[in-house]
Amino acid sequence: MEKTESQPVKYRSVSQYNQFKKCPYSYYLQRRVRAWQKPAAWLPQGTAVHKAAEEWEKSGREMSLAEAQAIYTRSYAEEITRYCQDTPNWDYWFRSGPYKCPEDVDRRYEKGFEQVEAYVRYYTETAPREVIWITPDGEPAIELEFDIDLDGVKVRGFIDQITMVQPVVPKPLTKSGKPSTSKKALAEYEELVANTPLVPTPRDIKTGNKPGDAFQLATYDVAVEEQYGIKADQADYWMGRLGKPTKLFDLTEWTRERVTEEFRWLDESIKAEEFEPLPDPDKCNFCSVKNACEFSQG
């Protein structure tokens, strides 16, 4: 019998899901056609902040702030250079509001530089108890890769970090459902908070203005459960613009079955070649492949 080569595994990811849900045709142009993608200065900023945070954490938080910012500077320059090799004319880059690309490159560098400082100060001054979880393999959970099988759908990705975070402890209420002002109740609440152990919690770093949604965090939470048998049912985003995390997302309704259902929909839609264009000015304006799209309204 003739020997045949096995087909490569088709993996799905959160980024695929988000792009396909926003506009399937954008997914088609970027991932099937491999159309040219319009670069933006906020992309190197995000990559460089992540790199600085990763290296600072891997040092056991022994690295100085200046060293972390030096890593950021080097990474930012490398990323800008990489994008310029493909698109050297900055007139073809995204603007950021009133800022043209050259101005925005300098502006974004400063923003990221400040975000690295905010990151280090948050973990050393504001919340030093929120340390990085150590996996059973003895590795810090930084840029933690996962590779899971959700009932036949392969999903792969990276979690920025899994951090030890205190769960939300409900505040005491009166019988009428109003917040209690009883000194005894408040004292008991403070004691309960102090004695509640921190739990490993997925956390994604965002350098833009808005956090992601619950689905991204839920996928990470399910991935941690699949690989390590731990499900926090909570997760958050660390926001560089604010210098702190968002409120914890309650993921109790995001079961493995629900996450699996979403990825099954994605997988089946892609295999069925259902690449319907969903043009909308708000989406098209920031679509990286809009120049190749005949339906673009941006």
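Please read these numbers as outputs of a predicted model, since none were measured by experiment.

A. Geometry of a negative patch on the surface. A surface patch of negative charge is lined by Glu103, Asp106, Glu110 and Glu114. Along the chain, glutamate 114 turns up in helix α5 (residues 101–126).

B. Here's a closer look at helix α8 (residues 256–271). When the terminal C-alpha atoms of α8 are compared, their 22 Å separation across 16 residues agrees well with the 22 Å that a helix rising 1.5 Å per residue should span. Inspection of α8 places Arg256, Val259, Thr260, Phe263, Leu266, Asp267, Ser269 and Ile270 among the buried residues, and these make up the whole buried set. Of the surrounding elements, those touching the buried residues of α8 are β1 (11–12), α1 (14–22), α2 (24–33), β2 (142–150), β3 (153–165) and α7 (214–228). Positive backbone phi, at 60°, marks glutamate 273, one or two positions downstream of α8.

C. Region of the structure containing the packing of α1 against α7. At a minimum axis separation of 10 Å, α1 and α7 run at an interaxial angle of 155°. Classified by the angle their axes make, α1 and α7 are roughly antiparallel. Seen from above, α1 lies across α7 with right-handed handedness. Residues Val14, Tyr17 and Asn18 of α1 pack against Phe215, Gln216, Thr219 and Tyr220 of α7. Taken together, the residues that form the contact of α1 with α7 break down as four nonpolar, three polar and no charged.

D. Quick peek at the pairing of strand β5 (residues 234–239). Most of β5 sits out of view: six of its six residues are buried. The two faces of β5 match: Gln234, Asp236 and Trp238 on one face and Ala235, Tyr237 and Met239 on the other face are all buried. Here four bridges tie strand β4 (residues 199–206) to β5, and the two strands are oriented parallel to one another. Paired with lysine 206 across the strands is methionine 239, a residue of β5. Each parallel crossover has a hand, and for β4 linked through α7 to β5 it is right-handed. Sheet analysis places β5 next to strand β6 (residues 244–245), joined by two bridges and oriented antiparallel. Paired with tryptophan 238 across the two strands is proline 245, which belongs to β6. Hairpin connection, β5 to β6: the antiparallel pair is bridged by four residues, and glycine 243 has positive phi, about 75°.

Rules behind the numbers
Residues numbered from 1 in each chain as written. Predicted model: local features only at pLDDT ≥ 70, side-chain atom pairs only at ≥ 80, totals over all residues. Heavy atoms only, no water. Patch = residues over 30% accessible without salt bridge, like charges linked within 9 Å, V, L, I, M, F, W, Y side chains within 5 Å. Areas by Shrake-Rupley, 256 points an atom, 1.4 Å probe, with all protein chains shown as cover. Salt bridge = Lys/Arg side-chain N within 4 Å of Asp/Glu carboxyl O. Lys, Arg positive; Asp, Glu negative; His and termini not counted. Charge placed at Lys NZ, Arg CZ, Asp CG, Glu CD. Helix = DSSP H or I, 4+ residues; strand = E, 2+ residues; numbered from the N terminus. Expected span 1.5 Å × (residues − 1). Buried < 20%, exposed > 50% of the residue type's maximum accessible area, 1.4 Å probe, protein only. Contact = heavy atoms within 4.5 Å. Axes fitted to C-alpha atoms, helices over the stretch in contact; angles between N-to-C directions. Parallel < 35°, antiparallel > 145°, perpendicular 65-115°, else oblique. Left-handed = near helix turned anticlockwise from the far one by under 90°. Nonpolar A, V, L, I, M, F, W, Y, C, P; charged D, E, K, R; others polar. Pairing = 2+ DSSP bridges. Right-handed = clockwise from strand over helix to strand, strands pointing away.

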